[in-house]
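Residue-level listing of the chains:
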Amino acid sequence: MPGEWPATLDEEDDSAHNTFFQTPIGANIRHAVTYLRDRSYDLCTNLSNRIIHTVHRRRRTPTRTFVVPDSPIPDSPVDTASPPQDGSPAPKRRRISEESSIGDIDSPIRMKASPSLSPVISPNSAAAAAAARRAIKFFPKGRRNVSKRVQTQAQTPPPEPVEKPVQQTEPRSELGPPGPPKYKNIQEFFEHDHEICLPGLENFSLLTNHSKLIELGYQREERLRIEEEKAEQAREEEKRQEEERLRIEEEKAEQAREEERRQEEERYNESLRSLGLRRARQSLITPLSPEWEQKARESADNGHAEQNKWQRALHRDGVELTARDFSKLVCPGVWLNDNAIQATLVHLATYINDAAGVVPKTDTPRCVALSSQYWSNFRADPRNHLYPRGLNRNWGVKPENFLDIDTVLIPVNENNHWTLLVIRPARRTVAYVDSFHSAGERHLEDAHQFLKTFLGEKYVASEWRTETYTVPSQTNGYDCGMFVITNSIYLALGIDPSSYSQQEMDLQRLRIGAVCLHGGFTGPFDLSGL
């Protein structure tokens, strides 16, 4: 019961009833009412403490301790109330003793409890003092020993977890794929309803709702259509993803092949660099236009080509070609003569020199083509058939500038077989090229003899080395002259000569015939694309 102590029925406060309470009956009634009131408060206080203690135990809150102090209540002053003003005798008052003031319900007890749950008792209030006086009056036997009580809240241990029994489930048997439907449609299902009906309902037939069947049929068709569209979309998406995957794989494979080709070409070019060669950018032997092909084929009957010219002047090593020469050049299966080979090699040398801007008889030539006749005479008598003045007059070659020349081409005819000697003075190399892949050691010795004789003191044998080029193989006995011409074109341009084959020689015959008719490697026969 929170709040202050209720008002007391005291003489000083209740002066209106003084006359009545002065009688013995009134005094007894007064004492009885006071006693009942005080006892009811004690009962309520104890009951509240028990309720609070029980609630706290249920809430499992920390232990609260209620302490009843053993110290005595301070001495109360003697009631010196003045007698009544009407002259009646004043009631007797008893002094409150120290022994009798302890243990009464009205004594000022300090309780340690929550302010929100415990009653508020003011020991200094007038009501508390009056209650103490009344307790002394009704309980004069002395002080009750009240021991200090500590109320503790026993902590209830948490409940032990109850293990739930594990239900053992039987392993499920794996079901196979469902079989085909027993009925094709709902109409057939209703027609055979007697097969699946409950016992006793065999003769009970269901009436078919045709409109509902039609509606269900439409719904089924719509559902099947939607499912088919989704399946088609899924197939299209799967197909697109597969195509994308294949495209990516193809791109990666193509990139890998391209990288492999690049690395292979790099390795190949690295091997060619040591020979002073490179890979051709395009093929040398390409089809002729219909006009030039017709001219080349007709040249075997009426073909004619003037003597080679170098910058509008006749070249001393050039030759004039007749129909007889063209018949040996353009016709398949015929052995080439020296006129066709010499005319082609002079056209090649003049093309390379013109492309380098060489002025005849003034600048050092880049390419020189000696005739097979000159080489045969030199081999027969090296001392008397060197003709250094002729080399200077025809090509501007002399010992002073010979080592600056890039390529010297020398066709060799021996035992009805054409081969090629390639001297590269700037690189100090000598090579013998044979479509039958013979070593040609004797021809290499003749080449070094020529260098030694022509250069004199400028020839240092230790500076010169022999190189070997990879060339296609000849598979017949009459195209050796075409191999000499084709190998000369590739090597004079510094290109690897291994990129053609025997099968292209018939077309190459027509191309060389057209070049001679045209007057050199210009116009449609330009070699700059290689």
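Use the structure listed above.
From a predicted model like this one, the values you see are computed outputs, not experimental measurements. The residue count restarts for each chain, going from 1 along the sequence in the order it is written. Whole-chain, interface and lining totals are the exception, using all residues; otherwise, since this is a predicted model, local features are given only for residues with pLDDT of at least 70 and side-chain atom pairs are given and counted only at 80 or more. For the side-chain quantities, the full set of heavy atoms in the structure was used; hydrogens and water were omitted.

Trainee: So, the pattern of salt bridges: which residues are in play, and what are the values?
Mentor: The working definition used for a salt bridge is a side-chain nitrogen of Lys or Arg within 4 Å of a carboxyl oxygen of Asp or Glu. As enumerated under the stated definition, the model contains 32 salt bridges in all. Here Glu242 makes a salt bridge to Arg245, at a shortest N to O gap of 2.2 Å. Of this pair, Glu242 and Arg245 both sit in helix 5 (residues 210–273), 3 residues apart, which is roughly one turn of the helix. Remark: exposure states derive from per-residue accessible area (1.4 Å probe, protein chains only) relative to the maximum for the residue type, with buried under 20%, exposed over 50%, and partly exposed in between. For Glu242, a relative accessible area of 34% puts it in the partly exposed group. A residue is classified by how much of its surface remains accessible, and Arg245, at 37% relative accessible area, is partly exposed. Linking Asp406 and Arg366 is a salt bridge whose minimum nitrogen-to-oxygen distance equals 3.9 Å. Of the two residues, Asp406 is situated in the loop between helix 10 (388–395) and strand 4 (407–413) and Arg366 in the loop between helix 8 (338–355) and strand 3 (367–369); the sequence distance between them amounts to 40 residues. What counts as a helix is a DSSP run of H or I of at least four residues, what counts as a strand is a run of E of at least two, and both are numbered from the N terminus.

Trainee: With reference to specific residues and values, describe unusual backbone geometry.
Mentor: The phi dihedral of Lys361 is positive, around 60 degrees, even though this residue is not glycine. Along the chain, Lys361 falls in the loop between helix 8 and strand 3. The residue Asn416 is not glycine, and still its phi comes out positive at about 55 degrees. Of note, Asn416 is situated in the loop between strand 4 and strand 5 (418–424).

Trainee: Please give an account of the packing of aromatic side chains that cites residues and values.
Mentor: The aromatic pairing rule takes the rings of Phe, Tyr and Trp, using the six-membered ring of Trp, and pairs them if the centres are within 6.5 Å, calling planes under 30 degrees apart stacked, those over 60 edge-to-face and the rest tilted. With the rule as written, the count across this model stands at 13 aromatic pairs. Between Phe483 and Tyr500, the ring centres sit 5.8 Å apart and the planes meet at 45 degrees, which makes this aromatic pair tilted. With a gap of 17 residues between them, Phe483 in helix 12 (residues 480–492) and Tyr500 in the loop between helix 12 and helix 13 (505–518) connect regions that are remote in the sequence. Judged by relative accessible area, Tyr500 falls into the buried class, the value being 5%.

Trainee: Describe in detail the nonpolar core, supporting the description with residues and values.
Mentor: The nonpolar core is taken to be a set of buried Ala, Val, Leu, Ile, Met, Phe, Trp, Tyr and Cys residues, with the residues joined through side-chain atoms within 4.5 Å. Residues Leu329, Leu370, Phe402, Ile423 and Phe450 are the most contacted members of the largest nonpolar core, which totals 83 residues. The contact rule is simple, with two residues in contact once any of their heavy atoms fall within 4.5 Å. Ignoring anything within four residues of it in the chain, the contact list for Leu370 reads Gln342, Leu391, Trp395, Val408, Leu409, Ile410, Pro411 and Phe450.

Trainee: Let's hear about the pairing of strand 6 (residues 429–433): which residues, and what values?
Mentor: Most of strand 6 sits out of view: 5 of its 5 residues are buried. Where burial is concerned, the two faces of strand 6 agree: the one with Thr429, Ala431 and Val433 and the one with Val430 and Tyr432 are both buried. Of the pairings in the sheet, the one linking strand 5 to strand 6 comprises 5 bridges and is antiparallel in character. Directly across from Arg424, in strand 6, lies its bridge partner Thr429. Pairing between two strands requires that DSSP report at least two bridges joining them. Counted between consecutive antiparallel strands, the loop separating strand 5 from strand 6 contains 4 residues, among which Arg428 sits at a positive phi close to 60 degrees. In this sheet, strand 7 (residues 465–467) lies alongside strand 6 in parallel orientation, the contact comprising 3 bridges.

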